[in-house]
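# Inside the fold
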Amino acid sequence: MGSGDSKKKNKRKHKFPIRVQFSLIFIACMAGILALCIFANTVLLERFYQNEKLTIIKDAYKMVYELVDDSAYKGTEQEKELDEISVVNNVSIIIVDSGSETLYVSMNCERDMEFVLLGYIFGKESQIENVDVIEKNDDYTIRKVFGNGQDYIEMVGRFSEGVSFLMRIPMSNIEESAAVANRFFIYVCVLGAVVGAIVIRVVTKRLTKPIEELNSISEKMVNLDFNARYTGHHVNEIGVLGDNMNKLSESLEHSISELKTANIELQKDIKKKEELDKLRQEFIANVSHELKTPLAIIQGYAEGLKDGISDDPESMQYYCEVIIDEAGKMNNMVKQFLNLNQLEYGSDKTVMERFDITALVRNYIESAGMLAKQDDIKIIFECDEDIFAWGDEYKAEEVLTNYFSNAVHYCQADINGEKYIKIDIHRTDNRIRISVFNTGSPIPEDSLPRLWDKFYKVDKARTREYGGSGVGLSIVKAIQENMRMGYGVENKESGVVFWYELEGSEYAN
C-alpha cells in the first residue's frame, strides 16, 4: 500500500477523535434523557398523578369506612379522627344519614359538595356535566369532575344503614404543570450540556491524552521508529497497555536489529561467496593457463623420447633434464598456488611470536647467497644490531624469499657496471621496515600497482625463463594484509626496491 493510501487511512482514522466521540456520546445521552423526561411529563405524568390521587382517596375511604356508624356521630372522638384523615390526605369529606341530615362535614369542605351529595342520593348525578366516571361498583362511584379552573377526583357512595358520603380531592392542572416542567427540564438540560461539555472536555482530555500518546507511539512503531516510549504513570489498564507497548517496542527493536545484523552478515556472506567464486574461477583459469606451457613442453619432449627422435645419449640426457626442470617448475608453481589459496581463503593460521629479524636475514643470506654468486651479484647487508620484531617468523622469511628471488632474477649492472642486492632494516614509529634493493631497469609506473595481482608479469618471457609463476608478490600481499602490515615497491635511480614492515619490539634479548 502506498504512502498516499496510508495518509488517507490516517485521515479517516482521525476524522472523529475519541475526545469528540466522548463529547457526542455525552450530548446524545443528555438529549435522550431530555426527550424521555418530556415524553414522561407529556404522556405519563397525568396518568401517574391521577393514580396517585385515586390511591389517596381510596385509602381515605377505607379509614372513614371503619369509623362510620350511626352511633358514632354522637361523640367527638370520631370527628377528630375524621378531621385528621381529611387534613393528612387533603380530602374534603361530607357524610349524611338516610334522612339527609348532615352527620359530618370536614373543615375544607366546599359549599357545593352538599348539593352534589344530595343529587347522588336522589339519583340526579347523571345530570352533572363535565364528569368522567373512572370506577364504579355497588359501594361507590369514582369520577373526575372538570370545574372552572379546578379539577377534582370525587368518590360518592353509601355506607351501611343508608349513610351516604362524598369525598373530594383536588387535582392540579397536569398539562400546564407538565409544560412548565418540560421548559424547566430544557433549561436544566441546556445548562447541564454546557457545564457537561466543559467537564467532559477536561475529563476526556485527561483520559485520552495517554491514548493519543500510545497512538503516536504505535504510528512511530509502524515506521520502525522505536525510540518513543510511553511516559505515563497511570495504574489502570492504560498504564498496563503503555508498559506493554514499551516492552513490545524494545522487543521489536531488538528483533529488527538482529534481523538487520543477520541481513548484513548474510549480504556480506553472499558478497564474499560471489567474490570467492570469482576468485576461484580466475584462479582455476590462471592456473590452467600457467600449467599449460610446462605441460606442453613436458609432453613434447616426452613424445620425442618415445618416438626416438635422437639416439644420441647427450640429446636424450638434455630431453630428460628439460622434462625434470619443467616438472620441478610445475611442482614449485603448484606449491605456491596452494600457499596463496590458503592465505586468501583464511585457512592458513598466522602465529605471532617475537623473533630476531636481523638474525633471520643474516641466516637467509648465508643459505641463499649461492644464487646471487652464480650470477656475479654482490649482496650487501650492513646491519650488526639485533632487532626484534613481532610476527609470523616463517611468513616473514617467505616474504624475504620472494623479494630476494625477484631481485636475483631481475638484477642488472648499473652505470658503474656493478650488480648488487642491498638489504636494509630500519625502525620507523614502532615499525620495522625490511627493504630489498637490486640494481637494474625501473618498473614501468603503470605496472607498479598491478605487481601484486595474481599471475601479473611485467616481462613474461623473462619470468618464464627462470620459472616464475607470477604469484610470488601476490603471496607477499596476502601475508602482509593478514598481519595488517604495510608493503610496497619503489623505483630508484639505479634500480628497484621492495619493502615490507613488521611490528617492532621495545626490548632485546
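A brief look at the structure comes next. (Residues numbered from 1 in each chain as written. Predicted model: local features only at pLDDT ≥ 70, side-chain atom pairs only at ≥ 80, totals over all residues. Heavy atoms only, no water.)

## Considering the overall build of the protein chain
The following threshold applies: Each helix is a run of DSSP H or I of at least 4 residues and each strand a run of E of at least 2, with the numbering of both proceeding from the N terminus. Partly exposed describes any residue whose relative accessible area lies between the buried limit of under 20% and the exposed limit of over 50%, with all areas from a 1.4 Å probe on protein chains only and scaled to the type maximum. Residue contacts follow a heavy-atom distance rule, with two residues in contact if any of their heavy atoms lie within 4.5 Å. Here, Shrake-Rupley sampling with a 1.4 Å probe gives the accessible areas, and only protein chains in the shown set may cover a residue.
Helix and strand counts for the protein chain come out as 11 helices and 13 strands. Split into buried and exposed, the 509 residues of the protein chain put 35% on the buried side. Put simply, 63% of the contacts in the protein chain that link residues at least 6 apart link residues at least 24 apart. For the protein chain, the exposed area adds up to about 31,500 Å²; of that, 54% sits on carbon and sulfur atoms.

## A few points about the packing of aromatic side chains
The relation between two aromatic rings is expressed through the spacing of the ring centres and the mutual angle of the planes. Threshold: Between 30 and 60 degrees the pair is tilted, below 30 it is stacked and above 60 it is edge-to-face, where a pair is any two Phe, Tyr or Trp rings, Trp via its six-membered ring, whose centres lie within 6.5 Å. Counted as over-ring charges are cases with an Arg CZ or a Lys NZ within 6 Å of the ring centre that also lie within 35 degrees of the ring normal.
Enumeration over the complete set of coordinates arrives at 12 aromatic pairs. For the pair Tyr61 and Tyr65, a centre-to-centre distance of 5.9 Å together with 35° between the ring planes defines the contact as tilted. Placement of both Tyr61 and Tyr65 in helix α2 (residues 18-67) is noted, with a separation of 4 residues, approximately one turn of the helix. Take Tyr61: its relative accessible area is 10%, and that puts it in the buried class. Note on Tyr65: relative accessible area 44%, which makes it partly exposed. Ring centres of Tyr61 and Phe165 lie 5.4 Å apart, and the angle between their planes is 35°; on these two criteria the pair is classed as tilted. With a gap of 104 residues between them, Tyr61 in helix α2 and Phe165 in strand β6 (residues 164-171) connect regions that are remote in the sequence. By the burial criterion, Tyr61 is buried, and Phe165 matches it. An aromatic cluster of three or more residues is present, and its members are Tyr61, Tyr65, Tyr140, Phe159 and Phe165. Over the aromatic face of Tyr152 sits the side chain of Arg168, whose NZ or CZ is 4.4 Å from the ring centroid. Over the face of the ring belonging to Trp499 we find Arg433, whose NZ or CZ atom lies 3.6 Å from the ring centre.

## Points about the pairing of strand β9 (residues 388-391)
Going by this rule: In this description, strands pair whenever DSSP reports at least two bridges between them.
Where strand β7 (residues 353-356) and β9 come together, 4 bridges link them in antiparallel fashion. If you follow Asp356 over to β9, its bridge partner there is Phe388. With 2 bridges connecting them, β9 and strand β13 (residues 495-504) associate as antiparallel partners. Bridge assignment links Ala389 to a residue of β13, and that residue is Gly504.

## Examining a nonpolar patch on the surface
The test is simple: A residue counts toward a patch only above 30% relative accessible area and without a salt bridge, and it is joined to like-charged neighbours within 9 Å or, for Val, Leu, Ile, Met, Phe, Trp and Tyr, to nonpolar neighbours within 5 Å. By definition here, a salt bridge exists when the distance from a side-chain nitrogen of Lys or Arg to a carboxyl oxygen of Asp or Glu is within 4 Å.
On the surface, a cluster of nonpolar side chains totalling about 1,000 Å² of accessible area is made up of Ile186, Tyr187, Val190, Leu191, Val194, Val195, Ile198, Val199, Val202, Val203 and Leu207. By secondary structure assignment, the location of Val190 is in helix α5 (residues 174-222).

## Some words on helix α4 (residues 112-121)
Put simply, the rule is: By construction, the arc corresponds to the directions joining the helix axis to the C-beta atoms.
If you check which residues of α4 are buried, you get Met113, Val116, Leu117, Gly119 and Tyr120. Burial along α4 is one-sided: seen end-on, the buried residues are contained in an arc of 155°. Following α4 by one or two positions, Gly123 adopts a phi angle in the positive range, close to 75°.

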